[in-house]
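Chain and residue survey
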Amino acid sequence: MMEAMRLWQDLPQRMRDAIGFKQTGVTYLARDASRMAAFEHWLDQARPYGIDTRMLSRSAVEAMLPNSAGWIGALQTPSDAQADPLVTVPVLARAAVADGVIIRECSAVLGLEMSAGSISGVVTETGTVRCTRVVLAGGAWSSLFLAAHGVKLRQLSVVSSVFTTTNLPAGFACGAFADDRLAIRGKAAGGHNLTAWSSNKFFIGPDAVRNFGAFLPHLISDFRSTKLRPAAPEGYPDAWGTPRRWNNTDQSPFERCRILNPHPDMASMAQLQSQFASAFPSIGAPEIVASWAGMIDVTPDTLPVVDHAPIPGLVIATGMSGHGFGIAPAMAKMVAAIVEARAPQHDLLAFRYGRFFNGSPRHVSSAI
Ligand SMILES: Cc1cc2nc3c(=O)[nH]c(=O)nc-3n(C[C@H](O)[C@H](O)[C@H](O)COP(=O)(O)OP(=O)(O)OC[C@H]3O[C@@H](n4cnc5c(N)ncnc54)[C@H](O)[C@@H]3O)c2cc1C
């Protein structure tokens, strides 16, 4: 996290301006003493890393969020930052291209070409790219891709929905806030993004059944907030009808469903508005002007897998959970080190591929 923040800060000022990078802080709010105790525990563990996270009292929360109701304290990291992903990704992509990177869009990768047990190329729908080293960073598609090559990855995905409000009253906090019911983030262009943990949807499919035991602690901890659905829409990575194997001449699942674009859970919108209204009675239910959803891929311990795969030449970088945008610069730096066989300068033990298969103790590390 510290490395990621440093790398974001190291971007040239003009690029930080272009992506709307702002250190607006993040605040996790508590309704009861047990949540405050959990924050204290987290802070004890985080302190050695030198981050500026601190506990806030009830009066500090009231000063920051006037006329709010129900919070007795908080955990705040003032240096936490935000940027607009829709702007950031193209800006960084253009910078990479200017540095000589070739980006090929709208071209599905169908599989790996193997020679004598090692990678000799990547087969795409527009031809084969010869190479001996490959990084798989396929988000929610990663486990499907790996399974077709006989490699297991414990990864499932949930649909998370976001709702954008009209401008809230002048002076309403512009940073990011979350409690156990909703998360709020001010947008540079005006309005706030809201999401409710209870708006998460999970589609049951063959991988969900296969990985039931590994994800059981998640299921138990998120039981009330995640809505289970019996089947994913057609073509989704873990839909019942999605092929698990294909020839490089068949139409692959990645061509059948080119963009994972789930519908937002509109049923949760009214609940979210009323949760906001009870937290900010003087503002009431905010007007929603936009909504969208995406799939968040998670592993059983909510930590990424960043490691060599059991196929020589293949590196996996996936399972970024709900934090992949923020931690991307640090993850990319570590992936580059692994690919180039350099020391990554960080302990990557927590991200190793084999941890779900060798009996390592497992903890659900944090919320998605
Ligand atoms: C609603 C929502 C809110 C979020 N909020 C935050 C937040 O506040 N902070 C944060 O840090 N993160 C957040 N995230 C998480 C973040 O967006 C992800 O962690 C991050 O995008 C993961 O990056 P990735 O590169 O691993 O995967 P992705 O972004 O999913 O990229 C993988 C890409 O690979 C492509 N692909 C897959 N398979 C193939 C194939 N066979 N051939 C060709 N292309 C392929 C996919 O089309 C996709 O473009 C949020 C996510 C959602 C859905």
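Conventions and cut-offs
- Residues numbered from 1 in each chain as written.
- Predicted model: local features only at pLDDT ≥ 70, side-chain atom pairs only at ≥ 80, totals over all residues.
- Heavy atoms only, no water.
- Helix = DSSP H or I, 4+ residues; strand = E, 2+ residues; numbered from the N terminus.
- Rg over C-alpha atoms; globule rule 2.2 N^0.38 Å.
- Buried < 20%, exposed > 50% of the residue type's maximum accessible area, 1.4 Å probe, protein only.
- Contact = heavy atoms within 4.5 Å.
- Lys, Arg positive; Asp, Glu negative; His and termini not counted.
- Charge placed at Lys NZ, Arg CZ, Asp CG, Glu CD.
- Core = buried A, V, L, I, M, F, W, Y, C linked by side-chain atoms within 4.5 Å.

With respect to the overall build of the protein chain
Per the secondary structure count, the protein chain includes 11 helices and 16 strands. The C-alpha atoms of the protein chain give a radius of gyration of 21 Å, which matches the 21 Å a tight globule of 368 residues would have. Along the first, second and third principal axes, the C-alpha set of the protein chain runs to 65 × 45 × 40 Å. Across the 368 residues that make up the protein chain, the buried fraction comes to 45%. Counting only contacts in the protein chain whose residues sit at least 6 apart along the sequence, the fraction spanning at least 24 positions is 69%. Once the 32 positive and 29 negative side-chain charges of the protein chain are each reduced to a mean point, those two points are 2 Å apart.

Re the nonpolar core
Judged by nonpolar contacts, the single largest core of 33 residues is most densely connected at Leu112, Leu146, Tyr236, Phe254, Leu260 and Leu314. For this core, the secondary-structure elements that each account for two or more residues are β4 (109-115), β5 (118-124), β7 (134-136), α6 (142-147), β14 (288-298) and β16 (314-318). Excluding residues that lie within four positions of it along the chain, Leu146 makes contacts with Leu136, Val151, Leu153, Leu314 and Ile316. If you look at the next biggest cluster of nonpolar residues, it comprises 21 residues, including Leu29, Val61, Phe172 and Ala196.

In short, geometric facts, not functional conclusions.
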